[in-house]
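A structural walkthrough
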There are 2 protein chains.
Amino acid sequence: MTGETDRGPRAAEQLARLNAQLARMRETQAPWADLPAAPMASLADLAALPVLRKSDLIQRQAADAPFGGLTGGPVAGLRRLFVSPGPIFDPEGRGADWWGSAAALTAAGVRPGDVILNTFSYHLTPAAFIFEGGAEALGCPVIPAGPGNTADQLVAIRQYRPRVYVGVPDFLKIILDKADEAGVDRTCLEIGMVTGAALPDSLRAELAGRGVAVRQCYGTADLGIVAYEDGGPGMVLNGGVIVEIVRPGTGDPVPDGEVGEIVVTRLDADYPLLRFATGDMSAIIAGATGARRIKGWMGRADQAAKVKGMFVRPEQIAALGRAVPGCHRLRLEISRAGEQDRMHLLAEHDDNDAADRLAAKLAEITRLKGTVQVVAPGSLPNDGRVIADLR
Amino acid sequence: MTGETDRGPRAAEQLARLNAQLARMRETQAPWADLPAAPMASLADLAALPVLRKSDLIQRQAADAPFGGLTGGPVAGLRRLFVSPGPIFDPEGRGADWWGSAAALTAAGVRPGDVILNTFSYHLTPAAFIFEGGAEALGCPVIPAGPGNTADQLVAIRQYRPRVYVGVPDFLKIILDKADEAGVDRTCLEIGMVTGAALPDSLRAELAGRGVAVRQCYGTADLGIVAYEDGGPGMVLNGGVIVEIVRPGTGDPVPDGEVGEIVVTRLDADYPLLRFATGDMSAIIAGATGARRIKGWMGRADQAAKVKGMFVRPEQIAALGRAVPGCHRLRLEISRAGEQDRMHLLAEHDDNDAADRLAAKLAEITRLKGTVQVVAPGSLPNDGRVIADLR
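Residues numbered from 1 in each chain as written. Chains lettered and ligands numbered in written order. Predicted model: local features only at pLDDT ≥ 70, side-chain atom pairs only at ≥ 80, totals over all residues. Heavy atoms only, no water.

Describing the overall build of chain A
- Each helix and strand in chain A was counted, giving nine helices and 19 strands.
- Taking 2.2 N^0.38 as the reference for a compact globule, 391 residues should give roughly 21 Å; the C-alpha atoms of chain A span a radius of gyration of 23 Å, in line with that estimate.
- Its C-alpha atoms give chain A principal-axis dimensions of roughly 70 × 55 × 40 Å.
- Considering only intrachain contacts with a sequence separation of at least 6, the fraction spanning at least 24 residues in chain A is 62%.
- A total of about 15,600 Å² of accessible surface is found on chain A, and carbon and sulfur atoms cover 52% of it. (Helix = DSSP H or I, 4+ residues; strand = E, 2+ residues; numbered from the N terminus. Rg over C-alpha atoms; globule rule 2.2 N^0.38 Å. Contact = heavy atoms within 4.5 Å. Areas by Shrake-Rupley, 256 points an atom, 1.4 Å probe, with all protein chains shown as cover.)

Structure (structure tokens):
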């Protein structure tokens, strides 16, 4: 466990907000009636509560429409209601900058009055509104352009001279290319606020070379903006969220620096999500001073794989680690040999003789046979992969 | 000319707001520096000012981006910036319910807290935001659904049970049909707030029979909501606009009851449009007590027609009427005979011998020959048609 001082300068304030939120949730929201009554002594105590997975959320929302009882008040008190693929239903509350994007925009250099070209879709999903809220809070006019239709994007650029692009990274490059082809002066675009897809260093360098300083942020439709680039290492965590990095398939926090799944608790009265597992991977940057930071988006944590027609899930590998004492990192490699699926477990363990016990337990838990190789602690890659599908 | 008392109970307040606005425009906006300095004595005095046509607006916006100097302050003070086909550029200011839709929604029976399914597009054009503003002012949660994608519309209806539909009339019927086909309970939908297309009585009756009371409103991307149904005759005019009905192609008001083009002056500091010609036709309902009313949308006023390869425009027919004293309504019928275009002018005139003078003037103004028939004053249809293309 990390100490409270490692949790950044906001830890004390966040702990107070969290305890107030937990007390309110326990008293007013049926699904949280069983929350422990005692205040938490540390943000680390969150780890004792269950993780809320997307599949749980879908079930709760189906059983108790629209939000599974997880919102802090009636639907009539909300501002917008979304339908994301899955289907997942997400609310937007009425507070100013409800999704928390103003800090990300400010860190990217956006100033009050800057014109923003918002190329996210406004229909059904919240991405566009996440940035609308921040723009409104900062006093920035927005061109609600939506995705696609580059001809109209160029008309908007010519007439309104936006300084800021908001959207996915690739579409920014498409717009710059089309503008240059069509001879449209797009030098007004100086800042790109991008999210929703990977930003390779090569693309960032190209965009910078063309005059657009690109900053990334990370967020989800359920949580709003979780972290954003501010010029320091990786991304700094947003003030309204508490982030844990857990071993994929579990709710168990990994040590700082280790790659795992991002689990977020949102400090918000309208939609106080508790330990929401995002399915995305990252790592806390160990030893950073000041605010807590993550490395950014490091891929998806969905590692379930089908072996000989049966699902093998990260939760099963986590159960295996608990069943055989002395395990460190585990990594199940799935390959194909002789027209057959094949499982091979790489297990960090101090005792070379643990292989037999691990193989027996693996067969018991997965109902599938696999080979086991014990490796030295610290020798497996720090990439959050619990199941590596090599087929 | 109608008297001030005929201009409804809001006339005195509107006149005061108009004079304050004209004074501000004259002092702060270069394009309006030539406005007469004396306050207007009556709303009828507006008729002395030039009409602003869409073509003028496009030219001004092209010459002086983005808004041709017609906004009341800098772009940085605006909330959203739109690109409508044409291209026309429209601003949204920061005021609450800036487009004036809350009154229309309230008159349709929408209450605070009602969930609204908004099926207008949010991208580039303002229709969806016109109703977002009213919903926000009323405290109604909005599903920003956008147009199309009926499968997702049904998911949203099932989960959020919206009471209010906002969009074009036809799409409401499509959604009800699809819901019934798919067995989705859509009885939550009780109110339809429709605009943007004609609503035939048959469609209104069908929708009412299926439980949805439909109310229409009339507005444009430049002006917001101009008028709306409130249960009284036709549509009642919105408080923030002054409406004139003019002979198509002119800025000359027609008597109450006569069909003509809708010209609107918006009382708004952010975008104080003065005598904006909408290109739509309607008529003031004569003799209605209380607030001033129009008959609703009665088609488009764009009546330019090509005859033998040359354009004939309503402005030319208006010039003809001014050139030959004693004219009442004029109607140029264009037909096809012997593989040739043919022009025939029907002219309300007290003097049967005016036909020759009218024919000579018609040829002079249009550079095309046409026949003329003098008819009795009041005998031409009251439909606003100055040019009737019968080909």
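So, the relation of the copies chain A and chain B
- Here chain A sits on chain B after a turn of 180° about the axis and a move of 0.1 Å along it, with an RMSD of 0.1 Å. Here the symmetry operator amounts to a two-fold rotation axis. Closest approach to the rotation axis within chain A is made by the C-alpha atom of Tyr122 of chain A, at a distance of 3.0 Å. (Least-squares fit on C-alpha atoms with pLDDT ≥ 70 in both.)

Examining the interface of chain A and chain B
- Listed by partner, the interface residues are 41 residues for chain A and 41 residues for chain B.
- Counting the surface lost from both chain A and chain B, the interface buries some 3,200 Å², and carbon and sulfur atoms represent 62% of this.
- When the shortest N-O distance is used, the salt bridge between Arg80 of chain B and Glu132 of chain A registers 2.5 Å.
- Where chain A packs against chain B, one counts 20 residue pairs in polar contact (both at pLDDT 80 or more).
- Broken down by secondary-structure element, the contributors of at least two residues to the side of chain A that touches chain B are strand 1 (80–84), strand 2 (88–92), helix 4 (127–138), strand 4 (142–144) and helix 5 (150–160) of chain A.
- If you tally residues by element for the side of chain A that touches chain B, the top one is helix 5 of chain A, at five residues.
- Residue composition of the side of chain A that touches chain B, grouped by class: 26 nonpolar, eight polar and seven charged. (Buried area = accessible area lost by both parts, 1.4 Å probe. Salt bridge = Lys/Arg side-chain N within 4 Å of Asp/Glu carboxyl O. Polar contact = N/O pair within 3.5 Å; in protein donor to acceptor, adjacent residues only side chain to side chain. Nonpolar A, V, L, I, M, F, W, Y, C, P; charged D, E, K, R; others polar.)

Overview of the sheet that holds strand 19 (residues 387–389) of chain A
All names here are of chain A.
- If you walk across this open sheet you meet the four strands as 18-17-16-19, and the pairing is mixed. Where the open sheet ends on each side, the last strands, each with one partner, are strand 18 (371–375) and strand 19. Taken pair by pair, the neighbouring strands of this sheet meet at an average axis angle of 20°, ignoring direction.
- Sheet topology note: the strand 16 (residues 327–337)/strand 19 ladder contains three bridges and is parallel. The residue bridging Ile334 from the neighbouring strand is Asp389, located in strand 19.
- In the packing of helix 8 (residues 314–323) onto the sheet, contacts are made with strand 16, strand 17 (340–349) and strand 19, and the angle to strand 16 comes to roughly 135°. (Pairing = 2+ DSSP bridges. Axes fitted to C-alpha atoms, helices over the stretch in contact; angles between N-to-C directions.)

Considering the sheet that holds strand 12 (residues 276–282) of chain B
Residue and element names in this part refer to chain B.
- Strand order across the open sheet formed by three strands is 10-11-12, with antiparallel pairing between neighbours. A strand with exactly one partner marks an edge of an open sheet, and here the two such strands are strand 10 (241–246) and strand 12. Adjacent strand axes in the sheet meet at a mean angle of 35°, parallel and antiparallel pairs treated alike.
- Taken together, the four bridges between strand 11 (residues 260–266) and strand 12 define a ladder with antiparallel strand orientation.

Topic: the packing of aromatic side chains
- The full count for this structure, using the stated rule, is 19 aromatic pairs over all chains.
- With centroids separated by 5.1 Å and ring planes inclined at 80°, the aromatic side chains of Tyr122 of chain A and Phe129 of chain A adopt a geometry described as edge-to-face.
- Given the relative accessible area of 0%, Tyr122 of chain A is considered buried.
- Classification of Phe129 of chain A as buried rests on a relative accessible area of 0%.
- Measuring from ring centre to ring centre gives 5.7 Å for Phe82 of chain B and Phe129 of chain B, while their planes differ by 50°; the resulting arrangement is tilted. Taken as a pair, Phe82 of chain B in strand 1 (residues 80–84) and Phe129 of chain B in helix 4 (residues 127–138) lie far apart in primary sequence, 47 residues in all.
- By relative accessible area, which is 0% here, Phe82 of chain B ends up buried. (Phe/Tyr/Trp six-rings, centres within 6.5 Å; stacked < 30°, edge-to-face > 60°. Buried < 20%, exposed > 50% of the residue type's maximum accessible area, 1.4 Å probe, protein only.)

Description of the UniProt feature "domain: AMP-dependent synthetase/ligase" (unreviewed entry) in chain A
- Within the UniProt annotation, "domain: AMP-dependent synthetase/ligase" (unreviewed entry) is assigned to residues 108–264 of chain A.
- Helix makes up 29% of residues 108–264 of chain A and strand makes up 26%, while its end C-alpha atoms are separated by 23 Å. (UniProt positions renumbered as here; feature names shortened; annotations may be inferred.)

Structural notes on the pairing of strand 1 of chain B
Residues and elements named next belong to chain B.
- Counting buried residues along strand 1, five of its five residues qualify, which places the element largely inside the surrounding structure.
- Burial along strand 1 is two-sided: Arg80, Phe82 and Ser84 and Leu81 and Val83, pointing in opposite directions, are all buried.
- Inspection of the sheet shows strand 1 paired to strand 2 (residues 88–92) by five bridges, in the antiparallel sense. Across the sheet, residue Ser84 finds its bridge partner in strand 2, namely Ile88.

A word on the domain arrangement of chain A
Residues and elements named next belong to chain A.
- Looking at chain A, the domain boundaries give domain 1 (4–94 + 232–294), domain 2 (102–217) and domain 3 (305–389).
- Once you take the C-alpha centre of each, domain 1 and domain 2 turn out to be 29 Å apart.
- Taken together, the contacts link nine residues of domain 1 with eight residues of domain 2.
- At the boundary of domain 1 with domain 2, total buried surface from both sides reaches about 680 Å², with 64% on carbon and sulfur atoms.
- Looking at the side of domain 1 facing domain 2, the largest losses of area belong to Phe82, Val83 and Met235, adding up to 55% of the total buried there.
- Applying the counting rule to domain 1 against domain 2 returns one salt bridge.
- Of the charged contacts in the structure, one is a salt bridge between Glu136 and Arg79, with a shortest N-O distance of 3.7 Å. (Domains from an automatic or database assignment.)

A short note on helix 8 (residues 314–323) of chain B
All names here are of chain B.
- Within helix 8, the full set of buried residues consists of Pro314, Ile317, Ala318 and Leu320. Buried residues of helix 8, viewed axially, fall in a sector of 155°; they line one side.
- Those residues of helix 8 that are buried are in contact with strand 15 (310–312), strand 16 (327–337), strand 17 (340–349), helix 9 (354–366) and strand 19 (387–389). (Arc of directions from axis to C-beta.)

Describing the packing of helix 8 of chain A against helix 9 (residues 354–366) of chain A
Residues and elements named next belong to chain A.
- With their axes 10 Å apart at the nearest point, helix 8 and helix 9 run at an angle of 140° to one another. Classed by the angle they form, the pair helix 8 and helix 9 counts as oblique. Every pair of crossing elements has a handedness; the one defined by helix 8 and helix 9 is right-handed. Contacts from Gln316, Ala319, Leu320 and Ala323 of helix 8 reach helix 9 at Leu358, Lys361, Leu362, Ile365 and Thr366. (Parallel < 35°, antiparallel > 145°, perpendicular 65-115°, else oblique. Left-handed = near helix turned anticlockwise from the far one by under 90°.)

Quick look at the pattern of salt bridges
- The full count for this structure, using the stated rule, is 62 salt bridges over all chains.
- For Lys173 of chain B, the salt bridge identified is with Asp177 of chain B, shortest N-O distance 3.1 Å. Of the two residues, Lys173 of chain B and Asp177 of chain B are both situated in helix 6 (residues 169–182); the distance of four residues between them amounts to about one turn of the helix.
- On the basis of relative accessible area, Lys173 of chain B is assigned to the partly exposed category, the value being 26%.
- Notably, a salt bridge pairs Glu258 of chain B with Arg247 of chain B, separated by 4.0 Å at the nearest N-O pair. Taken together, the positions of Glu258 of chain B in the loop between strand 10 and strand 11 and Arg247 of chain B in the loop between strand 10 and strand 11 put the pair eleven residues apart, joining distant regions of the chain.
- With relative accessibility at 31%, the residue Arg247 of chain B sits in the partly exposed group.
- A single network of salt bridges, built from pairs that share partners, joins Arg79, Arg80, Glu92, Glu132 and Glu136 of chain A together with Arg79, Arg80, Glu92, Glu132 and Glu136 of chain B.

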